[in-house]
Amino acid sequence: MTTPQPITGTALTSPALTNAAPTSPALNPDRYAQHTGLLDAAISTVRAIQPIQAVGRVVAVRGLSVLVRDLPAPVGATVRLPRLAGPHAPRGESGEVVGLAGDHAVVMMLGQAVGIRTGDEVVALQSAKTAGVGPSMLGRVLSGLGEPVDGGPGLHNLFPQSLDPAPIRALARGRINQPMHTGVRAIDLFNTLGRGQRMGLFAGPGVGKSTLLGAITRQCAADINVVALIGERGREVKDFIEHSLGPQGLARTVVVVATGDESPLMRIRAAMLACAVAEFFRDRGKHVMLLMDSVTRFAHAQRQVGLTAGEPPASKGYTPSVFAAMARLMERAGQLEGLGGSITGLYTVLVEGDDMTEPVADAARGILDGHIMLSRGLAQRGHFPAIDVLDSVSRVANDVTDSQHQAARRQLVRSMALYREVEDLVQIGAYAKGASPETDLAIAMHPRLTELLRQDLSAIDPFDKARARLLTLAGQAVTLPPAPTSHAANRR
Ligand SMILES: Nc1ncnc2c1ncn2[C@@H]1O[C@H](COP(=O)(O)OP(=O)(O)OP(=O)(O)O)[C@@H](O)[C@H]1O
Ligand SMILES: [Mg+2]
């Protein structure tokens, strides 16, 4: 990390930021308020950093957890073991205080615990988790510590940013009333996202989550993307960056990676760092898309930390702190009143065997403003993206679309629901045509709707063109009476 610089809008140099609003606070009251806000944020970050030089001694090591005697450091403090400093860990292996037991601190290592000996010195560095963040991170792939792992040059002009800032007050949140188009028709037309929304992408393994996230990153209307790959297999990370994202997608993206073989703390840090990077750009007026794959792996990491710290396991071994940490993480996305930027969050959640009552899926649904369901059945039929429109819901869709769009969506959702009721009969040829004119029309509409929803994700589809197709199809289904209320799923 370079020497912290004062945080000012004018200090930003990246080409992606040159279209930022004019920076003359004196002439523009909104910008003045924004600068004041940035200053307040900087002051609170500096206050949170309390340089302390407390030193303790290792008394025991169990797996990745280290018991340290006489270390008067608070929970959350970063520590390091100077004796382990070497070419692979120039600053010594780092860890974090995750719990306290009597006069012992329970430290969890960010890297490995190999080589630690009883009596080793443990130095507490700082009580607040911060990282250097800046525009030079654009187009780069970073570790959970914020260091480049793509073999490129070092980062420069970094600004200290808290990894775990105070939660946004409920009343400080702005209303979500602007759409965030993703370029994926099944989302933009039927489950429209809003700027500042937090959306879940629920799916079983191998149903197309990463491919869909890559396509959204390449095509979405955000100024900047932040992608957090948490607990992925190492091979998939390269595949995602080179194929799903491609050079064009990467150019306006910051990727933060902690693979499944890294320590649980590193995976948690990577998720937090991704949020901090998104917040950095949001505070400078940018509309950010934060894509996290996956929240389930974050929850697994948090479970390991909780168990190490001695928390009691509750449902399926998840400790209570897992759900608190999930809420805290996902609540960081949003739109702030009076600040031009926003963070739209898209979080993948693994659902094994379509079990939506699984603790992490259940908790995520309670926190998020909607969910997109990927269906294995659709994927098996080669229907990609395998988004189940009827089972998905965006709670802000009606606030970010016009009435014509909403009416067309209701019409077509009703048609799809009618088709689903008789789908099995149609498949085996047992449906008797003429029994219900409405259902007959829904069956006639089915191939056209399937064509609308299937999409080659390598082709960008402008929203206006997709919307025109939606209205045309709704016109064809017009003899169906519209559904009585909004999108049926929106009531769930
Ligand atoms: N849009 C698409 N078009 C064609 N094939 C696709 C598409 N999306 C996914 N697939 C197929 O599904 C496979 C799995 O996709 P992907 O890796 O995106 O799934 P995933 O849900 O991220 O899997 P995992 O749970 O293992 O991370 C791909 O290898 C590809 O064959
Ligand atoms: Mg994947």
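Whatever comes next refers back to the structure up there.
Residues numbered from 1 in each chain as written. Chains lettered and ligands numbered in written order. Predicted model: local features only at pLDDT ≥ 70, side-chain atom pairs only at ≥ 80, totals over all residues.

Caption draft 1: Highlighting the overall build of the chain. On a plain count of helices and strands, the chain comes out with 12 helices and 17 strands. A buried classification covers 47% of the 492 residues belonging to the chain. Residue pairs at least 24 apart in sequence account for 74% of intrachain contacts in the chain once pairs closer than 6 positions are excluded. (Helix = DSSP H or I, 4+ residues; strand = E, 2+ residues; numbered from the N terminus. Buried ≥ 20, exposed ≤ 12 C-beta atoms within 10 Å, placed from the backbone. Contact = placed C-beta atoms within 7 Å.)

Caption draft 2: Looking closely at the nonpolar core. Within the largest apolar cluster, 130 residues are counted, with the highest numbers of intra-cluster contacts made by Ala271, Ala274, Val277 and Leu290. Tallying contributions element by element places helix α5 (residues 264-282) first for this core, with 14 residues. Setting aside chain neighbours within four positions, we find Ala271 in contact with Ala228, Ile230, Met292, Phe298 and Leu329. (Core = buried A, V, L, I, M, F, W, Y, C linked by C-beta atoms within 7 Å.)

Caption draft 3: Here's a closer look at the environment of Arg83. Along the polypeptide, Arg83 turns up in the loop between β3 (78-81) and β4 (93-101). In this structure the C-alpha to C-alpha distance between Arg83 and Gly115, which are 32 residues apart in sequence, comes to 9.3 Å. With near-sequence residues (within four places) excluded, Arg83 lies in contact with Asp120 and Glu121.

Caption draft 4: Up close: the packing of helix α11 (residues 437-453) against helix α12 (residues 463-476). Two elements in contact, α11 and α12, have axes separated by 11 Å at closest approach and are oriented at 175°. Relative to α12, α11 is oriented roughly antiparallel. In contact with Met445, Arg448, Leu449 and Leu452 of α11, α12 contributes Arg469, Leu473 and Gln476. When the residues that make up the contact of α11 with α12 are grouped by side-chain class, the tally is 4 nonpolar, 1 polar and 2 charged. (Axes fitted to C-alpha atoms, helices over the stretch in contact; angles between N-to-C directions. Parallel < 35°, antiparallel > 145°, perpendicular 65-115°, else oblique. Nonpolar A, V, L, I, M, F, W, Y, C, P; charged D, E, K, R; others polar.)

Caption draft 5: Structural view of the sheet that holds β3. Pairing within the closed barrel is antiparallel, and its 6 strands lie in the order β1-β2-β5-β4-β3-β6. The mean angle between the axes of side-by-side strands here comes to 45°, regardless of whether they run parallel or antiparallel. Helix α6 (residues 295-308) contacts β2 (65-69), β4 and β5 (104-109) of the sheet and is inclined by roughly 155° relative to β5. (Pairing = 2+ DSSP bridges.)

Caption draft 6: Spotlight on the environment of Asn398. Assignment of secondary structure puts Asn398 in the loop between β17 (393-394) and α10 (403-427). Judged by the 16 C-beta atoms lying within 10 Å of it, Asn398 falls in the partly exposed class. Sequence separation between Asn398 and Asn177 is 221 residues; the distance between their C-alpha atoms is 9.1 Å.

Caption draft 7: Quick look at the environment of Val237. Looking at the secondary structure, you find Val237 in helix α4 (residues 234-251). Distance from Val237 to Ala258, taken between C-alpha atoms, is 9.4 Å for residues 21 residues apart in sequence. What Val237 contacts, discounting residues up to four positions off in sequence, is Leu229, Glu232, Val257 and Thr259.

Caption draft 8: Structural view of the packing of α10 against α11. As a packed pair, α10 and α11 sit with axes 8 Å apart at the nearest point and diverge in direction by 100°. Considering their axes alone, α10 and α11 lie roughly perpendicular with respect to each other. On the side of α10, the interface is formed by Leu412, Ser415, Met416, Leu418, Tyr419, Val422 and Val426, while α11 contributes Glu438, Thr439, Ala442, Ile443, Met445, His446 and Leu449. Looking at side-chain class alone, the contact of α10 with α11 contains 10 nonpolar, 3 polar and 1 charged residues.

Caption draft 9: Structural detail: the pairing of strand β15 (residues 342-350). A large share of β15 lies buried, amounting to 9 of its 9 residues. Residue alternation in β15 divides its side chains into two sets, Ser342, Thr344, Leu346, Thr348 and Leu350 and Ile343, Gly345, Tyr347 and Val349, and both sets are buried. Pairing of strand β10 (residues 198-203) with β15, which is carried by 6 bridges, proceeds in the parallel orientation. If you follow Leu201 over to β15, its bridge partner there is Thr348. Across 6 bridges, the pairing between strand β13 (residues 287-293) and β15 is parallel. Across the sheet, Val288 pairs through a bridge with Ile343, a residue of β15. Looking at chain direction, strand β14 (residues 334-335) and β15 are connected through 2 bridges and run antiparallel. Bridge pairing in β15 places Gly334 opposite Ile343. Counting the residues in the hairpin turn of β14 and β15 gives 6 residues, including Gly338, whose phi is positive at 80°.

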